[in-house]
Amino acid sequence: MRLQWRNLVLSSLLWTGAQSKKDAPTVESTAFGFIPYNVNYFKDSNVILFENGIEHNVQRSDDGGATWAQVADVPKGKMLELVMHPFDSNRAYILTTETRHWKTDDRGKSWQEFKTGALASIFRDALAFHAGDPDRIIFNGMDCTGIFCDELTVYTTDGFKKSAKGLRQDTMGCHWAKSSEQFTTGQEDLDKNRILCVVKGRFSPWRKDYRLLVSDNYFSDNDGDIQEFEPSLENGHAVKGIVNMATVTKYLITAASGEKTDEMALYVSDDAIKWHRAMMPKSPKIPEKAYTILESTNYSIQINVQTDSPSRPMGVFLSSNSNGTYFVRNEEFMNMNKWGLVDFEKISGIQGVFLVNIVKNAVEYEAKPVHKEIITQISFDDGRTFSDIKCSNCDGKKLHLHSVTDLSNSGRVFSSPAPGLVMGIGNTGDTLQDYSKGSLFISDDAGATWIKGPEGPHKYEFGDQGSILVAVKDEYTEEFQYSLNHGKDWSKASLPHKLRPVQLTTTPDSSSLKFILEAIDNEEPSVHGYIIELDFDGMHEAKCDPDKDLETWNARVDKDGNAICIMGHKQSFRRRKPDADCFIKKEFETPVVKSEPCECTDADFECDFNFVRSDDRKDCVTSVAWHAPDDVCKNNAEGTFKGSSGWRLIPGNQCKRTSGAQRDDQVERKCSESDNPHTPSSGKIGSTQQTLTGGHLYSKIYLQRQGLSKEEDETVLVQTDKGIELSRDHGKSWTPILKDEKIQRIYPHPHFSDVVFFLTKTEKVFYSIDRGDNIRSFKAPFPPTDAENTPVMSFHSEYKDWIIWTGKKGCDESDGCHTIASISEDRGDSWKTLQRYVRRCEFVKEEQRLYLTPEEDLGRKEAKEKLKKLIYCERREKEQNSPTNNPWVLVSSRDFFNEEPEVHFTNVVDFATMSEFIVVATKNVAGQTLQVNASVDGQHFAAAHFPHGVDVDHQVGYTVLDSSTHSVFLHVTMNNVKGLEYGTIIKSNSNGTSYVQSLPGVDRDAIGYVDFEKTFGLEGVAMVNVVANYQSKTYEKDGKKLKTMITHNDGGEWNYILPPPQDAEKKDFSCKVDVKNLEKCSLNIHGYTERKDKSHTYSSSSAIGLMLATGNVGQYLDKGSDTFMTNDGGISWMSVKKGKYMWEYGDKGSIVVIVNEEAPTKVVHYTLDEGKTWENYEFSEKEVKIDDMTTVPSDNARNFLLWSSDGGKVVTFNLDFTGLTGEQCKEDKDPEKSDYYLWSPQHPNQDDNCLFGHISEYRRKKPERKCFNGVVDEELSNIKSNCSCTRRDFECDFNYERQADGSCALVAGLAKPDHSLICKVEPERQEYFEPTAYRRIPITTCQGGAEMDKGSVALPCPGKEDQFNKKHGPSAAGIFFAVTIPIIVAVGVGYWVWRQYGAKFGQIRLGEQSSFDSDAAYIKYPVLVVAGIAAVAQALPLLASSLWRSASNSLGRGSGRRYTTRDSFARGGEYAVVDEDEGELLGDESDEEVV
């Protein structure tokens, strides 16, 4: 039914039904032409505000909802969101779609305008409040003047009396440290001023590089130096990949996620100064996939850790010690939903009592897709023990209740501040049934016993401190019910119309006699919304007599009714007797608890961290070693320390200690038996030789734990002719796995390093999601394809369980086998066919680069989900194998091919998905040439325009080399004669469509590999081998004469490499080494085409500036090889060893190991000082031929593996360098004390260190320090400062070529490029500049100076003349020169994602052959849900959520956030959601979902 809204109040009427004043509550109804939402009480008052989402206004009532009026002073139609101040009961804020907003400090009587200079953020809560000073407010906003909305933050310290001040750019949310009343830093000035922000990485917009920054002076700028610092989160180091942060009671919590894993790490601080990693129990292991921080206390954090995939969400419930560091396990198999919400709620006001729902059939549910069976349990000792719920009038059947994951009202689910009164919707029986089958159940003893109330599901509420219970059936109804004796008896009263309740609520403290019912009718064609006041004030004349009408209610009693202890004390309240004929009438007063301490007993203690109950439940035992204090056992391995007895007092327990021995008294423990024995380093390298069962090595794969993992394994898989073997200790020991299975291939997940698949010849597929700890299986729809160049599996970069499977079918038919692509969203449990007769299907990452997204789709969950489902397939035009008149076509779908796909190209040769582009090669059948098309958004393609001299008929192939610096490097084959292959490297603009020549005559081989390699970790550095004699008339006779060149400015200039002055034996080379003689005497290096193992590279992204290579010094590259090294990014080189060696980097470059590649040896050589000195280590008693040397892909380990063979068996040698030092490097603000130094790369032909418009600094370990870096993934680089633009920041534009003097000139006979075409590629662009012969290098960040790409006049894009004129009018003159042509398209596309997988390294063949599939590397950031933030009153949206979502999305605001109608001081913390994904509840654009 289409809703037709009217924007006026339709009616207001008084309704009492047919009953007298004394017998029934007064009912007063107001009808609206819209559905009210976001209803908010001002604390301790009957003043209410709500939002009119249709007309974007705010309504106010000052009499508890009886009458309503639009707020004064605020312009009509401006409201975007209503926000209540959580720490000042008089203040509220109306945020608008503009930069001016409105505030009140008198509960909405009057409103004043305030200005922020920025729009309210659509990605997260706009306002963040200070718990100690209501005038201190942070405003999270955004600047949408460009194509994208860039986030920023402003603040006020005077309650917006003056305009807000700028805080910081590139923020992903900022908070005051003191965001809750319980939190304190312990220092008055820090409590007042400390701010924490999650910000983008220094170089990168990707979430994997987000950082946590702290400032105590508002991020003030001191001559370009922002006053901020990164707190040390992990072993004295900062951590990147910050998901988000929040304040929970007295704790600050932040979570981080590492690259290539969906596990997370939780960090806690109770003073915003010192941080600790939250330590989870080791046995059994808890996979930390996501956290839901539950309603916590001021003495403990309670969390749910999600342990499995979002498709089968379950978790483990844990509680921390008092400083939030160590967690113990409380309950397994907690029920949760895919948005991270958990069925957990404390009973308000009663310490230690809460209700949970758990999955009864968890083991079966985890293994296969079955119906989830849910049961309800209750705990009376803060989660240490649980029991079933008892129902006194339910024939002894168990009671199960709907909880947080199935909310039907706002606020708390079960309880209120009314002492002991609890209600819920549920059913009796074995398990929880559907909500529609539930009824209302009531308890007046805090959940100990229950009775059944009205039949059917109801909205319910408490009033007058529990004297009144109100319930409205959750369907269209003409009545409501109420009970005045704790639910034993119920009376009915009439409503003015037949209505369906949307929400039933009252004042936050449940002390009022008035209730608010929000409802809708079912009139057509217009549905009306209603606010109905239910007033019980007139039903009883008397106010309760404290002596006669009140009773002392004890929170826990024994079978005789006597008070017993709970959490170390007896709790009691004064409350109205159930049958008393009176009301308490103490509005806005919360019942006072009386507490009496008890002596400590065994029941007051629980098992300590890493201890669990023994089988007889009498003791606490552990299967893991305990942790020793560093100051006691360091350098004293044989010493002892005082350690845990296995018991601890339950956090928050208030029992009185008795004299004598205590159960938690520490006991003597041995340092040698701890998990950190601090054995002094031996100072020696260790080696371990192992012989595998097989004789022929097929593959070896590392399943690398990521930097945030607390595990210590270094897992390696190897496949030989005898099967699969696994090592957890980097090859020191090997264990056969899958012994009886015939595994054909191992498929590691490219985006999640914990996940690996083992393929057989059949449909059966084995897999592990925990690096081989557990191996499971699923059945694929078809046997795996064996078609050439067709990958069997393709994976999604975010969703670990999304798999594309390409199998074969019809092999016994006359047409032969054909391939079918299928998709599973649940890791093989179910499958759907995508396309038939395919060559390749793959997911395409499209988010972050949708500058072409229609405005109405921006921020919308539905549009975002479509992007995540984008798949490209290359398939036959007709469903048959014959190639005759049946070319390959490229199609795409955003709905898993439920609808007809979009056809992009026919006659497709191949396509490549790079880090920023999709590049497609198509064949011109008539001319037998190839055409390249590129897309930056996955839907709009543009033909590539090649420079003069490249677009010739004999193009027969392309190799896409790299696209990590906002440009595509493309090798165009110019000569394809076998053994004489070469081509030209061309470089694109930032949208991949216009190319300029970078370097001609570049070597390639017959397969299509090119001698081109980027230097990992450094911007714009690459090396190539050129065919120096390709223009010679005797080229075919002489063959290739190769010479190595290097670029330090992303292909703008190429130079020969200056050799070292002498060789490794301190002898002169045969040619004269001189910078002026490089054409005759240069360093020439064996390149990519000559490598046996393409996965080996010159450089490593974790060893910044270091490179090793083999080659020779001379005029040309020859067959003889020596080994060379550079530690300054290729500017200067050292001769390391005579002969050809293979190498590996370890510990982020602090260790470099080399071994002879050509001859048998028993020695490796290593350097600990960046190649200045080398040491020898003998790893074997006899010489062996080393076939390969490996270590973990990130090069951060201190273990290496040598691979050899002996007697027909594969032999491995583990080299363990951990014994050299046990001290981890530490960073210090004092450069002299720090173990690190800052290194800046430079261009060899420049006097300054400006590269790409800035001076970069990279952190490297000081070579002389004896310490190790460790595996924590942290920021290694920083932009020290931006530089003014110079000629170096520009390259020749399309159709221009570089001249001898370095200038650019138009190629004779060619036309200037048409820059207006950029307007078609970027529909939002308003202007462009005429060509100047230069274009800006895409990765430069230079500012001002010589902006050589800009002409003197800007021109309007076609159809954008009005916007152009408006922009360049007098008011816009100041921003005229802020517009640039080349770089806008690439904003948000992804910086520096150059790490590739396997043997690809960005080289995907487009031409004669194609051998590789997707190489895009993106990171999954799991959910962080923070629930129960006691200082912020937030709840899930329950009132007309879909309507709010629609209304807010029409404004471009994706988060339909609702604030609770009861504050979290009185009712306990409500669920609030925090996660990394922009636009959620502090997260995504769904008002319910957390991704």
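Conventions used here
Residues numbered from 1 in each chain as written. Predicted model: local features only at pLDDT ≥ 70, side-chain atom pairs only at ≥ 80, totals over all residues. Heavy atoms only, no water. Helix = DSSP H or I, 4+ residues; strand = E, 2+ residues; numbered from the N terminus. Buried < 20%, exposed > 50% of the residue type's maximum accessible area, 1.4 Å probe, protein only. Contact = heavy atoms within 4.5 Å. Areas by Shrake-Rupley, 256 points an atom, 1.4 Å probe, with all protein chains shown as cover. Pairing = 2+ DSSP bridges. Phe/Tyr/Trp six-rings, centres within 6.5 Å; stacked < 30°, edge-to-face > 60°. Lys NZ or Arg CZ within 6 Å of the ring centre and 35° of its normal. Axes fitted to C-alpha atoms, helices over the stretch in contact; angles between N-to-C directions. Disulfide = S-S within 2.5 Å. Core = buried A, V, L, I, M, F, W, Y, C linked by side-chain atoms within 4.5 Å. pLDDT = per-residue confidence, 0-100. Salt bridge = Lys/Arg side-chain N within 4 Å of Asp/Glu carboxyl O. Lys, Arg positive; Asp, Glu negative; His and termini not counted. Polar contact = N/O pair within 3.5 Å; in protein donor to acceptor, adjacent residues only side chain to side chain.

Chemist: Teacher, can you tell me more about the overall build of the protein chain here?
Modeler: Looking only at helices and strands, one finds nine helices and 103 strands in the protein chain. Taking all 1491 residues of the protein chain together, the buried fraction comes to 62%. Considering only intrachain contacts with a sequence separation of at least 6, the fraction spanning at least 24 residues in the protein chain is 59%. When the accessible surface of the protein chain is summed, it comes to about 56,700 Å², and 46% of that surface belongs to carbon and sulfur atoms.

Chemist: Looking at this structure, I do not really get the sheet that holds strand β21 (residues 242-248). What am I missing?
Modeler: Within a beta sheet, neighbouring strands are joined by backbone hydrogen bonds and run either parallel or antiparallel to one another. In space, the four strands of this open sheet follow the order β21-β22-β23-β24, with antiparallel pairing throughout. Where the open sheet ends on each side, the last strands, each with one partner, are β21 and β24 (276-277). Judged from the six bridges that link them, strand β22 (residues 251-257) and strand β23 (residues 264-269) form a sheet pairing that is antiparallel. Residue L252 lies in a different strand from β23, and its bridge partner there is S269.

Chemist: Please explain the packing of aromatic side chains as it appears in this structure.
Modeler: Within a pair of aromatic rings, the relevant descriptors are the distance that separates the centres and the angle that separates the planes. Scanning all chains against the criterion turns up 37 aromatic pairs. Both rings, one in Y93 and one in F129, keep their centres 5.8 Å apart while their planes meet at 40 degrees; by these two values the pair is tilted. With Y93 in strand β8 (residues 92-96) and F129 in strand β12 (residues 127-129), the pair connects residues that are 36 residues apart, well separated along the chain. Both residues of the pair, Y93 and F129, count as buried. Between the aromatic rings of Y1166 and F1217, the centroid separation amounts to 5.3 Å while the plane-to-plane angle is 80 degrees, which identifies the pairing as edge-to-face. Taken together, the positions of Y1166 in strand β88 (residues 1163-1167) and F1217 in the loop between β92 (1209-1216) and β93 (1236-1239) put the pair 51 residues apart, joining distant regions of the chain. Using a relative accessible area of 11% as the deciding quantity, one classes Y1166 as buried. What makes F1217 buried here is its relative accessible area of 1%. Pairwise contacts between aromatic rings join Y747, F757, Y767, F778, F795 and W831 into one cluster. Against the face of F911 rests R840, its NZ or CZ located 4.0 Å from the ring centre.

Chemist: Even after reading the chapter, I still don't get the sheet that holds β8, so can you show me in this structure?
Modeler: Across the sheet, which stays open at both edges, the four strands sit in the order β7-β8-β9-β10 with antiparallel pairing between neighbours. Each edge of the open sheet carries a strand with a single partner, namely β7 (79-84) and β10 (112-115). Averaged over all pairs of adjacent strands, the angle between strand axes in this sheet comes to 25 degrees, irrespective of strand direction. In the sheet, strand β9 (residues 100-104) pairs with β10 via four bridges, with the strands oriented antiparallel. Bridging across to β10, K103 finds its partner in Q112.

Chemist: How should the state of the cysteines be read in this particular structure?
Modeler: Covalently bonding the sulfur atom of one cysteine to the sulfur atom of another cysteine gives a disulfide. In the structure shown here, the tally under the stated rule is 13 disulfides. The disulfide that involves C811 links it to C817, with 1.9 Å between the sulfurs. Taking the torsion about the sulfur-sulfur bond, which here is approximately 130 degrees, the covalent link between C811 and C817 counts as right-handed. Judged by its relative accessible area of 36%, C817 falls in the partly exposed class. The disulfide that involves C1285 links it to C1342, with 2.0 Å between the sulfurs. Its S-S torsion of approximately 90 degrees makes the covalent link between C1285 and C1342 right-handed. Pair noted here: C1285 is in the loop between β95 (1277-1282) and β96 (1290-1292) and C1342 is in the loop between β100 (1334-1336) and β101 (1354-1356), with a separation of 57 residues, a long-range link. By the burial criterion, C1285 is buried, and C1342 matches it.

Chemist: Just checking my understanding: could you explain the nonpolar core for this structure?
Modeler: One broad trend across soluble globular proteins is that nonpolar side chains are buried collectively. By size, the foremost hydrophobic cluster in this structure holds 38 residues, and its most contacted members are I350, M423, L440 and W450. Elements represented by at least two residues in this core include exactly β33 (399-401), β34 (422-428), β35 (439-443), β37 (458-463) and β38 (468-473). Residues in contact with I350, not counting those within four places in the same chain, are G420, A446, W553, A555, Q571 and F573. Of all hydrophobic cores here, the second largest spans 26 residues; its members include M914, V919, V960 and Y1030.

Chemist: Even after reading the chapter, I still don't get unusual backbone geometry, so can you show me in this structure?
Modeler: Across residues other than glycine, the phi torsion is negative in most instances, and most of the peptide bonds are trans. Residues other than glycine seldom take positive phi values, yet F333 does so here, at roughly 60 degrees. Structurally, F333 can be placed in strand β28 (residues 327-335). In the Ramachandran plot, D1195 falls in the positive-phi region, its phi being about 60 degrees despite a non-glycine side chain. On the secondary structure map, D1195 appears in the loop between β90 (1188-1190) and β91 (1199-1206).

Chemist: Even after reading the chapter, I still don't get the confidence of the model for the protein chain, so can you show me in this structure?
Modeler: For any part of a model where pLDDT is low, the fine detail of the predicted coordinates should not be relied upon. For the protein chain, the mean per-residue pLDDT works out to 81, and 84% of the residues sit at or above 70. At the low end of the mean pLDDT range in the protein chain sits helix α8 (residues 1441-1449), at 24; at the high end sits β88, at 97. This model gives residues 1-21 a pLDDT under 50, and the stretch forms 52 contacts once residues within four places in sequence are excluded.

Chemist: Explain the side chain of T720 here, please?
Modeler: Along the chain, T720 falls in strand β54 (residues 715-720). In contact with T720, not counting residues within four places along its chain, are L692, G694, H696, L697, Y698 and V1210.

Chemist: In this structure, what is going on with the pattern of salt bridges? I would like to understand it.
Modeler: Pairs can form between side chains of opposite charge once their charged atoms are near each other. For the structure shown, the criterion picks out 56 salt bridges. A salt bridge links R100 to E113; the shortest N-O distance between them is 3.3 Å. Of this pair, R100 sits in strand β9 while E113 sits in strand β10, placing them 13 residues apart in sequence. Residue R100 is classed as partly exposed on the basis of its relative accessible area, which comes to 29%. Judged by its relative accessible area of 33%, E113 falls in the partly exposed class. The closest approach of N and O atoms between K492 and E479, which form a salt bridge, is 3.6 Å. With K492 in strand β40 (residues 491-505) and E479 in strand β39 (residues 477-483), this residue pair connects regions lying 13 residues apart in the sequence. According to the relative accessible area criterion, K492 is partly exposed, its value standing at 49%. Residue E479 is classed as partly exposed on the basis of its relative accessible area, which comes to 31%.

Chemist: Before we go on, may I ask you to explain the environment of G1008 in this structure?
Modeler: Within the secondary structure, G1008 is located in the loop between β76 (995-1003) and β77 (1012-1014). A relative accessible area of 3% places G1008 in the buried class. Sequence spacing of G1008 and E981 is 27 residues, and the spatial spacing of their C-alpha atoms is 8.8 Å.

Chemist: I would appreciate a short explanation of the pairing of strand β14 (residues 150-156) in the present structure.
Modeler: Remark: a regular strand shows side chains that alternate across the two faces of the sheet. Most of β14 is tucked away: six of the seven residues are buried. In the sheet, strand β13 (residues 137-143) pairs with β14 via seven bridges, with the strands oriented antiparallel. Paired with I138 across the bridge in β14 is Y155. Of the pairings in the sheet, the one linking β14 to strand β15 (residues 165-169) comprises four bridges and is antiparallel in character. Bridge assignment links T153 to a residue of β15, and that residue is R168.

Chemist: What should I look at first to understand the environment of A31 in this one?
Modeler: Relative to the elements of secondary structure, A31 occurs in strand β2 (residues 26-32). Under the relative-accessibility criterion, A31 is labelled buried at 3%. Each C-alpha atom of the pair A31 and I531 lies 6.6 Å from the other, and the pair is 500 residues apart in sequence.

Chemist: How should I be thinking about the side chain of D604 in this particular structure?
Modeler: The residue D604 is located in the loop between β45 (593-597) and β46 (605-607) in this model. In this structure D604 is buried but unpaired, with R657 as the nearest side chain of opposite charge at 9.1 Å. Side chain to side chain, D604 and N653 meet in a polar contact 2.9 Å long. D604 has contacts with M567, G568, E599, R648, L649, I650, N653 and C655, leaving out every residue within four places of it along the chain.

Chemist: What should I look at first to understand the pairing of strand β63 (residues 818-824) in this one?
Modeler: Burial within β63 is extensive, with seven of its seven residues counted as buried. Across the two faces of β63 the burial is the same, with H818, I820, S822 and S824 and T819, A821 and I823 all buried. Across seven bridges, strand β62 (residues 803-809) lies against β63 in antiparallel orientation. Its bridge partner lying in β63, I803 is registered against S824. Pairing of β63 with strand β64 (residues 832-836), which is carried by four bridges, proceeds in the antiparallel orientation. Bridge pairing in β64 places A821 opposite Q835.

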